Amino acid sequence: MPWPIGAGALALWFLWTAAPWLRRGATTNHTEIHGGAVVSIQEGPCANPPEELAALYFRRLARLGGYLAVQTTFSEHAASVRFLFVPLIRFGALRREEGRESLTIGNALFSRHGGTLSFVRKGGRIRVELRGFRPRLAMLLYRWTQLPIHAAAGRAFLAWIDRTSARTFKP
C-alpha cells in the first residue's frame, strides 16, 4: 500500500507549492506583447518596502517553485533560475538606480538575450516589471504556458511583501 502514501505526499507537496501562487492581495497585472517581445507588469501596495527587492524575489521564487524542482541563485554579479539543475533563465549583474533594481536577461533554455527584470519602489507601491523579454517558445504557446507563471510569481511576491513588510522590514 505505498501508493496511497506517495499520493498523499505528492498532494501535500502540491498544496504547499500552490498556496502562495493563489494569494494576490491588492496587486494588479498588466501584460502586452509587441512582436516577439513581452511586457508584463505587476504592481501592489507596500507602505514600508525593503531595500533588497531583487534578492528577496529570488529567495521567494524558490519557495514558489516547491524548493525541490526550482532552484535559484542570486548575487550582485549574476542570477539564475534552474529546474532540476537545467538553467531556465539567466540574468546579468544587478544595476541599482533611484528606487529601481534591474537585471538584464541572458540566454538560457526558455529565453533569448535581451530585456530586463526590474523591481521599482515608488510612492508606497512596488512594481515587478518584465520588459523586452523574448521567449524561445512560439508566442502562442508562451502566452498559455510561461506568461501566466511570470504574472503569478510577480503577484505572489508582491502580496508576500505587502503582508510581511509592516512587521518585518525596517525602513
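Keep in mind the model is a prediction, meaning the values are calculated, not measured.

Draft legend 1. Structural context of the overall build of the protein. For the protein, the count of helices and strands is 4 helices and 8 strands. Going residue by residue from the N terminus, the α and β elements of the protein occur as α-β-β-α-β-β-β-β-β-β-α-α. Going through the 171 residues of the protein one by one, you find that 45% of them count as buried. If you take every contact in the protein between residues at least 6 apart in sequence, the share linking residues at least 24 apart comes to 48%. With the model as given, the accessible surface of the protein reaches about 9500 Å², and the carbon-plus-sulfur share is 65%.

Draft legend 2. Representation of the sheet that holds strand β4 (residues 79–83). Taken together, the 8 strands give an open sheet; going across it, the order is β1-β2-β8-β7-β6-β5-β4-β3, and neighbouring strands pair in antiparallel fashion. Each edge of the sheet is formed by a strand with only one pairing partner; in this case those strands are β1 (28–34) and β3 (70–74). Averaged over all pairs of adjacent strands, the angle between their axes in this sheet comes to 15°, without regard to strand direction. In the sheet, β3 pairs with β4 via 5 bridges, with the strands oriented antiparallel. Counterpart to V70 in the pairing with β4 is F83. Sheet strands touched by helix α4 (residues 146–165): β1, β2 (37–45), β7 (116–122) and β8 (125–133). Its angle to β2, the strand with the most contacts, is close to 20°.

Draft legend 3. Highlighting the pattern of salt bridges. All told, the structure shown has 7 salt bridges when counted by the stated rule. Between E76 and R96 there is a salt bridge; the shortest N-O distance is 2.9 Å. Taken together, the positions of E76 in the loop between β3 and β4 and R96 in strand β5 (residues 86–97) put the pair 20 residues apart, joining distant regions of the chain. A relative accessible area of 41% means that R96 is categorised as partly exposed. Put simply, E101 and R121 hold a salt bridge, and the shortest N to O gap is 3.3 Å. Of the two residues, E101 is situated in strand β6 (residues 100–106) and R121 in strand β7; the sequence distance between them amounts to 20 residues. By sharing partners, the salt bridges in this structure join R100, R127, E129 and R131 into a single network.

Conventions we followed
- Residues numbered from 1 in each chain as written.
- Predicted model: local features only at pLDDT ≥ 70, side-chain atom pairs only at ≥ 80, totals over all residues.
- Heavy atoms only, no water.
- Helix = DSSP H or I, 4+ residues; strand = E, 2+ residues; numbered from the N terminus.
- Buried < 20%, exposed > 50% of the residue type's maximum accessible area, 1.4 Å probe, protein only.
- Contact = heavy atoms within 4.5 Å.
- Areas by Shrake-Rupley, 256 points an atom, 1.4 Å probe, with all protein chains shown as cover.
- Pairing = 2+ DSSP bridges.
- Axes fitted to C-alpha atoms, helices over the stretch in contact; angles between N-to-C directions.
- Salt bridge = Lys/Arg side-chain N within 4 Å of Asp/Glu carboxyl O.

These results come straight from atomic positions and should not be treated as a statement about function.
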